[in-house]
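Secondary and tertiary structure notes
Next come the chains, spelled out residue by residue.
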Amino acid sequence: QVQLVESGGGLVQAGGSLRLSCAASRNILSINTMGWYHQAPGKQRELVATIFSGGSTNYADSVKGRFTISRDNAKNTMYLQMNSLKPEDTAVYYCNADLMRPISKTLDRYWGQGTQVTVSS
């Protein structure tokens with residue numbers, strides 16, 4: 001199991017930047033995949049960015065070139081650097097972790113509590 005705690009959300013003007021953090025309760029090198037999702041009011045939760053155990057990353061088209069996902073293994077923390085923010089980036093941002101069970105190879109998904117990001121125009 002893993003507990004995830006997000007921080008770093010807030011209110012920012014369009015064009016500004018924020019950095020979100022996701023602190024994990026275990027060694028993140030043992031986590032297969034970590035990622036950031038966002039959910040705007042009345043909409044489904046959507047993938048923003050993913051970082052795999054080998055370090056490769058994947059981004060939604062809407063954030064490519066503006067957001068960067070990274071992790072600090074020593075701090076067991078994942079980050080999302082968000083630059084050139086737009087009003088449409090306004091949402092609750094959640095971090096997630098997928099852990100593979102060693103015998104069954106099935107994935108268990110864990111979520112943080114979410115952090116609000118509001119971008120004003």
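Above: the structure in question.
Reading guide: rules and limits
Residues numbered from 1 in each chain as written. Predicted model: local features only at pLDDT ≥ 70, side-chain atom pairs only at ≥ 80, totals over all residues. Heavy atoms only, no water. Disulfide = S-S within 2.5 Å. Helix = DSSP H or I, 4+ residues; strand = E, 2+ residues; numbered from the N terminus. Buried < 20%, exposed > 50% of the residue type's maximum accessible area, 1.4 Å probe, protein only. Contact = heavy atoms within 4.5 Å. Pairing = 2+ DSSP bridges. Axes fitted to C-alpha atoms, helices over the stretch in contact; angles between N-to-C directions. Core = buried A, V, L, I, M, F, W, Y, C linked by side-chain atoms within 4.5 Å.

With that settled, the discussion passes to the state of the cysteines. As enumerated under the stated definition, the model contains 1 disulfide in all. Two residues share a disulfide in this structure: C22 and C95, whose sulfurs sit 2.1 Å from each other. Linking C22 and C95, the disulfide has an S-S dihedral of approximately 55° and is accordingly described as right-handed. You can see C22 sitting in strand β3 (residues 18–24) and its partner C95 sitting in strand β9 (residues 91–100), a full 73 residues away along the chain.

Let us look at the side chain of T33. Checked against the element boundaries, T33 lands in strand β4 (residues 33–39). For T33, a relative accessible area of 16% puts it in the buried group. Beyond its immediate chain neighbours, meaning those up to four positions away, T33 contacts T50, I51, F52, N96, A97 and D98.

So, about the pairing of strand β1 (residues 4–7). It is a general feature of regular strands that their side chains alternate between the two faces of the sheet. Only one face of β1 is covered, namely the face carrying L4 and E6; the face carrying V5 and S7 is uncovered. The pairing of β1 with β3 spans 4 bridges and is classified as antiparallel. Among the inter-strand pairings, S7 is bridged to a residue of β3, identified as S21.

Mapped onto the elements of the fold, G15 is located in the loop between β2 (10–13) and β3. Counting along the chain gives 72 residues from G15 to P87, while the straight-line C-alpha distance between them is 9.1 Å. If we ignore the near neighbours within four places in the chain, the residues touching G15 are S84 and L85.

With that out of the way, let us pick up the sheet that holds strand β8 (residues 77–82). The 4 strands lie next to each other as β1-β3-β8-β7, forming an open sheet whose pairing is antiparallel. A strand with exactly one partner marks an edge of an open sheet, and here the two such strands are β1 and β7 (67–72). Adjacent strand axes in the sheet meet at a mean angle of 15°, parallel and antiparallel pairs treated alike. Judged from the 6 bridges that link them, β7 and β8 form a sheet pairing that is antiparallel. Its bridge partner lying in β8, I69 is registered against L80.

Our focus in this paragraph is the pairing of β3. Along β3, 5 of the 7 residues are buried, which leaves the element largely enclosed by surrounding structure. Note that β3 and β8 share 6 bridges and pair antiparallel. Bridge pairing links L18 to M82 in β8.

Here we take up the nonpolar core. Of all hydrophobic cores here, the largest spans 32 residues; its most connected members are L4, M34, W36, L80, M82 and Y93. Counting only elements with at least two residues in this core, the list comes to β3, β4, β5 (46–52), β7, β8, β9 and β11 (115–120). Among the elements that make up this core, the one with the highest residue count is β9 (5 residues). Here L4 is in contact with C22, A23, A24, M34, C95, N96, A97, Y110, W111, G112 and Q113, once residues within four sequence places are set aside.

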